[in-house]
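Residues per chain are reported as follows:
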Amino acid sequence: MTERVRAILNCYESDNPGSRANLARMLNHGRLGGTGKMVILPVDQGFEHGPARSFAPNPAGYDPAYHFQLALAAGCNAYAAPLGFIEAGVSQFLGEIPLILKLNSHDVLHDEKDPLSAVTSTVDDALRLGCAAVGFTIYPGSSQAQTMYGQAREIAKEAKSKGLAMVLWSYPRGSSLSKEGETAIDVVTYAAQIAAQLGAHVIKVKLPSAHIELKDAEKVYNKHHVPIETLADRVRHVVQSAFNGKRIVIFSGGPKSDNDEAFFNEVRAIRDGGGSGLIIGRNSFQRPRAEALKMLGTLIGIFQGKA
Amino acid sequence: MTERVRAILNCYESDNPGSRANLARMLNHGRLGGTGKMVILPVDQGFEHGPARSFAPNPAGYDPAYHFQLALAAGCNAYAAPLGFIEAGVSQFLGEIPLILKLNSHDVLHDEKDPLSAVTSTVDDALRLGCAAVGFTIYPGSSQAQTMYGQAREIAKEAKSKGLAMVLWSYPRGSSLSKEGETAIDVVTYAAQIAAQLGAHVIKVKLPSAHIELKDAEKVYNKHHVPIETLADRVRHVVQSAFNGKRIVIFSGGPKSDNDEAFFNEVRAIRDGGGSGLIIGRNSFQRPRAEALKMLGTLIGIFQGKA
Amino acid sequence: MTERVRAILNCYESDNPGSRANLARMLNHGRLGGTGKMVILPVDQGFEHGPARSFAPNPAGYDPAYHFQLALAAGCNAYAAPLGFIEAGVSQFLGEIPLILKLNSHDVLHDEKDPLSAVTSTVDDALRLGCAAVGFTIYPGSSQAQTMYGQAREIAKEAKSKGLAMVLWSYPRGSSLSKEGETAIDVVTYAAQIAAQLGAHVIKVKLPSAHIELKDAEKVYNKHHVPIETLADRVRHVVQSAFNGKRIVIFSGGPKSDNDEAFFNEVRAIRDGGGSGLIIGRNSFQRPRAEALKMLGTLIGIFQGKA
Amino acid sequence: MTERVRAILNCYESDNPGSRANLARMLNHGRLGGTGKMVILPVDQGFEHGPARSFAPNPAGYDPAYHFQLALAAGCNAYAAPLGFIEAGVSQFLGEIPLILKLNSHDVLHDEKDPLSAVTSTVDDALRLGCAAVGFTIYPGSSQAQTMYGQAREIAKEAKSKGLAMVLWSYPRGSSLSKEGETAIDVVTYAAQIAAQLGAHVIKVKLPSAHIELKDAEKVYNKHHVPIETLADRVRHVVQSAFNGKRIVIFSGGPKSDNDEAFFNEVRAIRDGGGSGLIIGRNSFQRPRAEALKMLGTLIGIFQGKA
Amino acid sequence: MTERVRAILNCYESDNPGSRANLARMLNHGRLGGTGKMVILPVDQGFEHGPARSFAPNPAGYDPAYHFQLALAAGCNAYAAPLGFIEAGVSQFLGEIPLILKLNSHDVLHDEKDPLSAVTSTVDDALRLGCAAVGFTIYPGSSQAQTMYGQAREIAKEAKSKGLAMVLWSYPRGSSLSKEGETAIDVVTYAAQIAAQLGAHVIKVKLPSAHIELKDAEKVYNKHHVPIETLADRVRHVVQSAFNGKRIVIFSGGPKSDNDEAFFNEVRAIRDGGGSGLIIGRNSFQRPRAEALKMLGTLIGIFQGKA
C-alpha cells in the first residue's frame, strides 16, 4: 500500500475494516491505483435520461457488458450502475473491477420541480452482487431533501455495518434554486459539506462556477475574500468544504464535450485544486470505444502528471 | 462528586443510571466541572448554514479535528456535532471529551417557512461512536412540529433505555411566528417547557427578548406582573419554565459578536438568572484559535464568578 | 492522551470508536491513568464463593457501596461486579469510576467437575447502568467450554457493536486438567491465547507456575528452551501469548495473602514481565479499609516504578 | 410516605419508577403499610404439593377467591399465586390488594433429585392481570441452577423494563446438598446473596438452622466467629448477606405449625434480626378462617412491636 | 480473467455473483493468480494446539501482523485465521490480501474422543472485517458430526446470501475411526464428498494414505481396481470425489517437515493428481521468515510447473 493511500484511509479510522478495505480496493485498482486519485465510470443515464438520449450516440452502450469492458480496458478504479445493469453484466466480470451499486434512481418521464429519486435496490443486493460500495443520490435544495437525507442515513448505517463503502452523489436541485445556482460555488460546496456530514466515504459533485447563489453566502465570500476565480480555486474550496480534504471528493464529467481540450483543462483544474478525481459517464461511453479509451487515457495521464 | 452536581442529578431520578452517569460526565468535565454550569461547543453550522458562512472567517474550522481540539483546549464540558464531523475526528480524541451526536440536521438550500429537520443519524451511531448524549432540534411553531415531537419521542425513548443523555435544541420558527416572535419571552419559555415535557435532560434555547408574541400570553404577563425587564429576569423566567430549574437549560451564543463586552454581559445575565450555561459555536470557532481560547476563558470565568 | 495509551489503543484499530473510548476511559482513570497499567477491583466472590467466605473477614464488604468507595479511594482503574452489586450501588457513584458488569456467574452450591457459569445479565443491562465494559468468564478445559465460547462470541459481537469494551476472565478448569494444571504455564498461556482469539479487549488470567501440564507442550518448551524459570519470565510468556502484547493482559491477585512482601514481589514480576496490571479482589476487600488502601497504594506504586 | 419506606426505596435507586412504585404499593398496603415490614400470603401449594395436601385441612381453600379474601381481611401486604389462581379470582378484587404472579411452578408427580421448575406464565400475564410484581423460584444447588438463573435474568430484565417488582424465592435443593444442608446457615445466606446478585427486589428464603454445610465455609465461620447461635443472629446474618440489608428479605413460614407459640417466637426472631417480614401460606390457609385471621393478627402485631 | 479461472468459476454458476467474485479474488491473487491453483496460509494453531506449540519454533509468529506479512510477501492467494488474529492485524493490511475468517475453533485443553468445535465468530464479523470467505471445520466420524453439519448448513446459507465464499476444513476424527483411518483413502474421499454435498466452495482435506478403513469400501476398491497406489493417484481420486473436479480441493501441509524434498514430492503429487493447491500453516510459519519464503517460493514454483 502506498503512503498516499494509507494517509487517505487514516481519515476513515472510525469505520469498520471492511468499509476501509473496500475503499482501498477502489483506490488501488486500475491505472491510477495507489495514487490516491480515482476515475470512475458511472452508467445510470439509461434510467436517469432514457436509453436513446444515453446510448444512441454510441449504440454499443445499450449492452450492459459494454460498460464493464470499457471501465476495465480504460483502467478505471470502479464502475457504477443501477441494479439491472450490474445484474446483467456482473457474471462475466467477476472480481475484475470494483463495483458501485447505485441504490436510487430518478427518471424524467414525470416532470417535477422538487425531485425525489426512487430507492431501487438495497445494500443486500450490493453484497449478493459482490460490490465494493453503494451509491446514492441526494438533491439538496429539493423540498424532498429531508426524505433523501433520511434514506441516505439508513443506507449508510447498513452499508457501514456490513463492510461496504458509501458514495454519495450530491446534486443541488429544486424549486428554491435557480438553474445557475445548481452549480454555484456556494451551493456546490454546501452540497459537498452535507454529503460529508451524512457520513459519505466518497462525495461526487459537479464542477462549480464562480456564481454565488445565496445572499447570506455572498457577503461572506466578499468579506473574507474566499478565492474562487479560477476553476482550480473553486475545486480547492470544494475539497476544503469536504472536511478540509479528509473526505474523498470526485467531480462529474458532465455531457459529451465537443471540445476535449477544454475538458482536459477542467481535469487539470481538478488535479491542481486537489480533487480526488473524476466520475465520467456520458463523455466517455457516448463516443466510439477507441476514442473513449484514448480520451480516458489522456485524462488518467493528467492525474498521473503526464498530461 | 460535588453537592451541586449531585443536586442536579437528583432531579433526574426517574432515569436509568446510564443516562445520569452521562449527564454527570458532561457536568464533571472541563474547567466548569463540578460547578453545575456547562459550556458546550456545537459545530453543526456547516450543515445548517453552509461551509463558507461557517468556516471562512477562520478557515482552520473546515477541519473536523480543529473543533475537538478547541473544545478540549478551552475546557468545555462537551462537543456537539453531526455524524460526519464526529466520525471524522473521534478516533484521535478517544474518551477525551464528552460527545453529543446531533441526530437531525437542516440546511438552507431549500427555503421553507415551516422547517422540518432531516433525521441524519441514530442512537446506535451515538453508541458506536462512544458519545455521552444525543442532540435533536425541534422547531415549535412550525406546521411540522408534530412530526419533530414524534421523532424526539422515539429518540428519547431509545436513548434513555440505552443509557444516553438527551439534549434538545428548542428553536421556535415557522409561519405562525413573526421574526421577532422567535425570541419573544413568552415563546422562548414555551419552547423550554415543550422540550422539558418531551423528556429532554438538557434544553437549549435562544436568549429571549422582552417582546411578547401571543395575545393571550400578553394579558397574563401584564396581569401578574411577571418580571421580564432585564435579561437576567428573562433568563430566570426561562429557567422557571423548565420545571422550576429542575431541568438543565443552556443558552445559545449566537453569531460571532462584534462587541465582546456586550456578549459577556449577556453571559453574566445567564449566570445571574440561574441559567446552566452556554452553547457557543460560531462566536468561538469563527475567531482565530488564540482569540477564541481567550474569549472562552473569560466566559468560563464569568460562570466561575471570576469575571 | 499519553503516547503509551495511544499505542495501546492503536492495537484495537478494527474496533468501533465507542469500544476504544471505553478502553481509554479505563486506561486513563485512577492513579495509574495514562501509564498503560491497570488495577481493577472485582467483587464477584459473593456469588462465586458465598457471602461469608467473601465478606466475613471484613464485614463492611457485605455492603455494595463499600466496594465502589474502596475502588475510588484507592484510585483503581475500574470496578467489576455482577448485576445486583452494580444495581445496588451505581446511583451513588454516577460516572465516578468505570464499571465492568460481569455477565456470567457461578456458585459452588452445586459441585461439578466441568463447570458452566450461568449468564446472569446482559449487554443492555451494561448500557442501562452506564458501564464501560462487560466481563465474562470462560473455563477452557471444561467439557462445557464450547458453550461458553459460543456465549462469549455473542456477547462480544453485541458489546462491540454497542461501543462497550469486553473483558474475558479465562480460567482453565475441568475434568481433563489436574489441579496443578490449572495454573501450569502451558495452560495459562493457552487460556490467554483462546481469550485473545475470541476477541477479548482485556484478558484476565491467573499467575502461572513453572509446571507444564500437556505432554505435547512439554516437548516444545524443552526443545525451544522457552524461558519460564522466574515469574517475570512466565508473565512475559503469557503476554507474548496474548498476540505479542497487542492485547491487554491482567493477572488475578488471588485470596488474601498472609505475606504481603511475597505478594508485592509477584506484582513486581508482573510489572517486569510486561503484564498490564492486576485484578485484585479478596486480597483487598477482605482487609480493613485503611490496610487495603495502604496495600493498594504500594501495589500502584510498584507499577509506577516507585516500589 | 413514611421515612422508613422512603429509606427502603432509596436502595432501589437504579430501578425504573414503575418498579419502585410497585414496591411502594406492597410496602404501603395492609396493616403493616408504612412500617417497612411485609406479610405476604402465597398460595402456590396446589401446584407444588397437590390439592388435597394443600386444601383438605381447610376445604374452603380449594376456592381461589378464598385466598384473596383471606389476604385482604388479614391486612396482608400482598397475595402471591400462579396463573390459574390469579385469573380465577382477580376480577372480584380489582385493585384491592397488590398481587404477585408466580411465573414458574414445580410439581411432585415427577420425582427428581435436581429440580427445575416449569415457566408457567409471563411478565405480560402479570401486566394483563394488574399485578404489582412477578415471583420466580430458583433452586441453588440443583444441577439445573444455571438454567433457572438464566430464566430469572430474562424475567428480571423484562419485569424491570415494564415497571414491575421482582420477587425471588431462593430455595437451595439438589443432589449436592444434604437434606439438613438445604437450611444450613451458610447455604441460606448464599441463596440470599445469589438472589440479590440476580437483581431481585424482594428475596424469600427459609429460616436457617445453625448447621454449616460446606467445609470451606465452616472454616470461615469459625475463624471469624460469625454469630449464628440464636435464630435472630442467623436472620441478621441473612439480612447482611442480602447486601447489608439493602434488599428486602422475607422468610417463609413453613407448614402449618402445631405449636403457635414456637412459631411466634420464630417471627419475633425475624423481627429482632432485622428481617423484612414473612411469607406465610400453609400455616394460614390450612386453618379455619377465623383462626387464621387471629394468627395473622398476632403475627402482624409482632412486627408492629405489640406482641 | 484467464480461461482456467473462468472454467473454475463456471462450476459455481448457481451461486451469487458476490460469492463467485470472492472466489475469483482468491484465485487471482498472489503469485499463483490466474493459474487455478492456490496456496493459502492458515494460522489457527494458536487456538487449536496452543501458543507455544504453534509459535515457539519461530517466536515472531506470536504477533498477528507477522502472518499477514508472510502471506503477502510469499504471494499466497489468501490468509485464514480466527477472529482475534484477523481483528488484531486487519487494519494494517486493508484490502491487500483476501482473508478467510475461521468461524469455529477447537482447543485441546479438554480431551474428547468425539470433538465438536465451538462457533467463535460469525458471517457478519467476516463482512465487518472485509473478508472474502468464511472457513469452517467439520469432523466427519465424530458422534457430534450432525451438529457440525447443521452449523455448516446455516453458515453456508448466510455466507452465500451475503456474497462470501465458503471454505470447509473436512477432517475425519472420532471414536468410530482408527488413528490410521483418519487419513485412509476411502475416508478422506468420503470427507471431501460430504463437504462438497454441504455446499462448500473450497474443500480442505489431508493427504490420504493407501489404507482403507471401512470394510464395505474395501470390497469396492478391490473389485473395481480403483487406482490408489501412488499419492498422485490418491489425490486424483479425492478430486474425483469432489464432484469430478467441479469443486476446488486443497490439501493441508501438516506440521513442519524435517525433509523438505519429501514434502516437495507430495506437492508435486498434488499437482500431478489435479489438486487445486495447498493450505500450509505450521510448515511455513514455524520456520524463520527467509526460510519460509524460500520454501513457499519452491512450492509455488511446483504449481507453476517450474520445480
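Note that this is a predicted model, so its numbers are computed, not measured.

**With respect to the relation of the copies chain C and chain A**
At step 1: Superposition record for chain C on chain A: RMSD 0.1 Å, screw rotation 180 degrees, translation along axis 0.1 Å. Read as a symmetry element, the transformation amounts to a two-fold axis.

**As for the relation of the copies chain A and chain B**
Copy one and copy two of the chain differ by a rotation about a common axis and a shift along it.
At step 1: Between the two copies, chain A and chain B, the superposition gives an RMSD of 0.1 Å; the rotation angle is 71 degrees and the shift along the axis is 0.6 Å. Such a combination of rotation and displacement between the chain copies is what one expects of a five-fold axis. When C-alpha positions in chain A are compared against the rotation axis, the closest is assigned to Thr147 of chain A, at 11 Å.

**Examining the interface of chain A and chain B**
At step 1: Taken residue by residue, the interface counts 38 residues in chain A and 43 residues in chain B.
At step 2: Along the contact surface separating chain A from chain B lie four salt bridges.
At step 3: Among the salt bridges present, the one from Asp216 of chain A reaches Arg53 of chain B, with a minimum N-O distance of 3.8 Å.
At step 4: On the surface where chain A and chain B come into contact, there are 16 residue pairs in polar contact (both at pLDDT 80 or more).
At step 5: At the level of elements, helix H8 (145-161), helix H9 (185-197), helix H10 (215-223) and helix H11 (231-241) of chain A are the ones that each hand at least two residues to the side of chain A that touches chain B.
At step 6: Element by element, the count of residues in the side of chain A that touches chain B is highest for H9 of chain A, at seven residues.
At step 7: By residue class, the composition of the side of chain A that touches chain B is 14 nonpolar, 17 polar and seven charged.

**Structural notes on the packing of aromatic side chains**
At step 1: Applying the stated rule across the entire model yields 36 aromatic pairs over all chains.
At step 2: Their ring planes at 55 degrees and their centres at 4.8 Å tell us that Phe68 of chain D and Tyr79 of chain D sit as a pair that is tilted. One end of the pair, Phe68 of chain D, is in helix H5 (residues 64-74); the other, Tyr79 of chain D, is in strand E2 (residues 78-82), with 11 residues separating them in the sequence. Here Phe68 of chain D and Tyr79 of chain D have matching classes, each one buried.
At step 3: Ring-pair connections join several aromatic residues into one group, and the members of that group are Phe243 of chain A together with Phe55, Tyr62, Phe85 and Phe285 of chain B.
At step 4: Directly above the aromatic system of Tyr139 of chain A lies the positively charged group of Arg173 of chain A, at a separation of 4.8 Å from the ring centroid.

**Looking at the arrangement of the chains**
At step 1: One finds no contact linking chain B with chain E; the least C-alpha distance across the pair is 13 Å.
At step 2: With no contact between them, chain D and chain E keep their nearest C-alpha atoms 20 Å apart.

**Description of the pairing of strand E6 (residues 133-138) of chain C**
Residues and elements named next belong to chain C.
At step 1: Counted residue by residue, E6 has six buried out of six residues, so it is predominantly covered.
At step 2: Because side chains alternate across E6, one face comprises the buried residues Ala133, Gly135 and Thr137, and the other comprises Val134, Phe136 and Ile138, equally buried.
At step 3: Pairing analysis gives three bridges linking strand E3 (residues 99-102) to E6, with the strands arranged parallel. For Leu101, the partnering residue across the bridge sits in E6 and is Val134.

**So, the interface of chain C and chain A**
At step 1: In this complex, chain C contributes five residues to the contact, which on the side of chain A involves five residues.
At step 2: A combined buried area of about 440 Å² lies between chain C and chain A, and 32% of that area is made up of carbon and sulfur atoms.
At step 3: For the pair chain C and chain A, the interface holds zero salt bridges.
At step 4: Applying the counting rule to chain C against chain A returns two residue pairs in polar contact (both at pLDDT 80 or more).
At step 5: For the side of chain C that touches chain A, a count of residues per class yields one nonpolar, two polar and two charged.

**Quick word on helix H2 (residues 17-28) of chain B**
Residues and elements named next belong to chain B.
At step 1: Here H2 contains 12 residues, and its C-alpha end-to-end distance of 16 Å stays within 8% of the 16 Å for a straight helix at 1.5 Å per residue.
At step 2: The buried count for H2 comes to 10 of 12 residues, which makes it a mostly enclosed element.
At step 3: Here H2 has its buried residues at Pro17, Gly18, Ser19, Arg20, Ala21, Asn22, Leu23, Ala24, Met26 and Leu27.
At step 4: The positive-phi residue at the C-terminal boundary of H2 is Gly30, with phi of around 80 degrees.

**So, the confidence of the model for chain A**
At step 1: A residue-level look at chain A finds 100% of positions with pLDDT of 70 or above and a mean pLDDT of 96.
At step 2: The complex prediction reports pTM at 0.96, with the ipTM value standing at 0.95.

**Concerning the packing of helix H11 (residues 231-241) of chain D against helix H12 (residues 260-272) of chain D**
Residue and element names in this part refer to chain D.
At step 1: Two elements in contact, H11 and H12, have axes whose closest approach is 8 Å; the angle formed by their N-to-C orientations is 45 degrees. By the angle class used here, H11 and H12 are oblique. Seen along the crossing, H11 lies across H12 with a hand that is right-handed. Packed against H11, whose contacting residues are Leu231, Ala232, Val235 and Arg236, the element H12 presents Glu266, Ala269, Ile270 and Asp272 at the interface.
At step 2: Of the residues assigned to the contact of H11 with H12, the class counts are five nonpolar, no polar and three charged.

**Thoughts on the nonpolar core**
At step 1: Counting residues in hydrophobic clusters, the biggest one holds 563 residues, and the most contacted among them are Tyr79 of chain A, Tyr79 of chain B, Tyr79 of chain C, Tyr79 of chain D together with Tyr79 of chain E.
At step 2: Setting aside chain neighbours within four positions, we find Tyr79 of chain D in contact with Leu41, Val43, Pro64, His67, Phe68, Ala71, Phe85, Ile86, Ile97, Pro98, Leu99 and Ile100 of chain D.

**Looking at the sheet that holds E3 of chain C**
Residues and elements named next belong to chain C.
At step 1: Spatially, the eight strands close up into a barrel ordered E1-E2-E3-E6-E7-E8-E9-E10, and their pairing is parallel. Averaged over all adjacent pairs, the angle separating strand axes in this sheet is 25 degrees, with direction ignored.
At step 2: In terms of strand pairing, strand E2 (residues 78-82) meets E3 through four bridges, oriented parallel. Along E3, the bridge assignment pairs Ala81 with Leu101.
At step 3: Sitting on the sheet, helix H2 (residues 17-28) is in contact with strand E1 (38-42), E2, E3, E6, strand E7 (165-170), strand E8 (202-205) and strand E9 (248-252), with an inclination near 65 degrees to E7.

**Structural notes on unusual backbone geometry**
At step 1: Notably, Phe243 of chain A is not glycine yet its phi reads approximately 60 degrees, a positive angle.
At step 2: Relative to the elements of secondary structure, Phe243 of chain A occurs in the loop between H11 and strand E9 (248-252).
At step 3: We classify Phe243 of chain A as buried; its relative accessible area is 0%.
At step 4: Phi at His225 of chain E is positive, roughly 50 degrees, even though this residue is not glycine.
At step 5: Take His225 of chain E: it is sitting in the loop between helix H10 (215-223) and helix H11 (231-241).

**Looking at the environment of Glu229 of chain E**
Residue and element names in this part refer to chain E.
At step 1: Considering the arrangement of structural elements, one finds Glu229 in the loop between H10 and H11.
At step 2: Residue classification places Glu229 among the exposed positions, given a relative accessible area of 71%.
At step 3: Counting along the chain gives 18 residues from Glu229 to His211, while the straight-line C-alpha distance between them is 9.9 Å.

**Focus: the sheet that holds strand E7 (residues 165-170) of chain B**
Residues and elements named next belong to chain B.
At step 1: Around the barrel, eight strands lie side by side as E1-E2-E3-E6-E7-E8-E9-E10; this closed barrel has parallel pairing. Between one strand axis and the next, the sheet turns through 25 degrees on average, direction left out of account.
At step 2: Sheet analysis places strand E8 (residues 202-205) next to strand E9 (residues 248-252), joined by four bridges and oriented parallel. Residue Val202 lies in a different strand from E9, and its bridge partner there is Ile248.
At step 3: Packing against the sheet, H2 makes contact with strand E1 (38-42), strand E2 (78-81), strand E3 (99-102), strand E6 (133-138), E7, E8 and E9, and its axis sits at approximately 65 degrees to E7.

**Topic: the environment of Ser121 of chain C**
At step 1: Position of Ser121 of chain C among the secondary structure elements: in the loop between strand E5 (118-119) and helix H7 (123-128).
At step 2: Sequence separation of Ser121 of chain C and Lys102 of chain C is 19 residues, and the distance between their C-alpha atoms is 7.5 Å.
At step 3: In this structure, Ser121 of chain C is in contact with Leu83, Leu101, Lys102 and Leu103 of chain C together with Arg153 of chain D, ignoring residues within four places of it in sequence.
At step 4: At a separation of 3.4 Å, a polar atom in the side chain of Ser121 of chain C contacts the main-chain carbonyl oxygen of Lys102 of chain C.

Cut-offs and rules
Residues numbered from 1 in each chain as written. Chains lettered and ligands numbered in written order. Predicted model: local features only at pLDDT ≥ 70, side-chain atom pairs only at ≥ 80, totals over all residues. Heavy atoms only, no water. Least-squares fit on C-alpha atoms with pLDDT ≥ 70 in both. Contact = heavy atoms within 4.5 Å. Salt bridge = Lys/Arg side-chain N within 4 Å of Asp/Glu carboxyl O. Polar contact = N/O pair within 3.5 Å; in protein donor to acceptor, adjacent residues only side chain to side chain. Helix = DSSP H or I, 4+ residues; strand = E, 2+ residues; numbered from the N terminus. Nonpolar A, V, L, I, M, F, W, Y, C, P; charged D, E, K, R; others polar. Phe/Tyr/Trp six-rings, centres within 6.5 Å; stacked < 30°, edge-to-face > 60°. Buried < 20%, exposed > 50% of the residue type's maximum accessible area, 1.4 Å probe, protein only. Lys NZ or Arg CZ within 6 Å of the ring centre and 35° of its normal. Pairing = 2+ DSSP bridges. Buried area = accessible area lost by both parts, 1.4 Å probe. Expected span 1.5 Å × (residues − 1). pLDDT = per-residue confidence, 0-100. Axes fitted to C-alpha atoms, helices over the stretch in contact; angles between N-to-C directions. Parallel < 35°, antiparallel > 145°, perpendicular 65-115°, else oblique. Left-handed = near helix turned anticlockwise from the far one by under 90°. Core = buried A, V, L, I, M, F, W, Y, C linked by side-chain atoms within 4.5 Å.

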